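# A look at the structure
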Amino acid sequence: FEGIKARISNTYVGGERIADQPAHQWGGSVEAKSGPLRAGLGVSWIGGHTVAAFDTGSFMVTRVAEDDFLVASAIVSYEVRKGFNVYIKGENILDEEYTDGGYRAPGVSVYGGVRLDI
């Protein structure tokens, strides 16, 4: 390996919180690089809280109590030539159910693409 990067973070909001804001949130990531190959894994743990969620059946916004949840994502990229990368990324790979921006988050999502650095 040419390098490994790791990060960990914590957010705690005491006292009165704004709507949809959990009191506790932890996050972490690790990324490794070896030659043209790069791989990364990120996780976020969000403590239980109440959120506003859009109900697509009634077209109304309701308050929903969310339990604690853990969201994980992973990415693998390969540098084909300098500045030209292909990648595949998975989001919510643990298939958690939670609300994001007022809507229910999709289950496991997988994306692929190219990135050009100019």
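Below you will find a few notes about this structure. Note that the structure is predicted; figures quoted are calculated from it, not measured. (Residues numbered from 1 in each chain as written. Predicted model: local features only at pLDDT ≥ 70, side-chain atom pairs only at ≥ 80, totals over all residues. Heavy atoms only, no water.)

### Focus: the environment of Asp67
Structurally, Asp67 can be placed in the loop between strand S5 (60-66) and strand S6 (69-81). For the pair Asp67 and Val108, spaced 41 residues apart in the sequence, the C-alpha separation amounts to 19 Å. The contacts of Asp67, once residues within four sequence positions are left out, are Ile46 and Gly48. (Helix = DSSP H or I, 4+ residues; strand = E, 2+ residues; numbered from the N terminus. Contact = heavy atoms within 4.5 Å.)

### Brief notes about the side chain of Glu66
Topologically, Glu66 is positioned in strand S5. Within the local environment of Glu66, its side chain forms a polar contact with the side chain of Thr99, the two groups lying 2.9 Å apart. Once residues within four sequence positions are removed from consideration, Glu66 is found in contact with Gly48, His49, Val51, Tyr98, Thr99 and Arg104. (Polar contact = N/O pair within 3.5 Å; in protein donor to acceptor, adjacent residues only side chain to side chain.)

### Some points on unusual backbone geometry
Even without a glycine there, the phi angle at Asn92 is positive, about 50°. In this structure, Asn92 sits in the loop between strand S7 (84-91) and strand S8 (99-100). For Asp95, which is not glycine, the phi dihedral falls at a positive 55°. Here Asp95 lies in the loop between S7 and S8.

Read these as layout, nothing more, since geometry by itself doesn't imply function.
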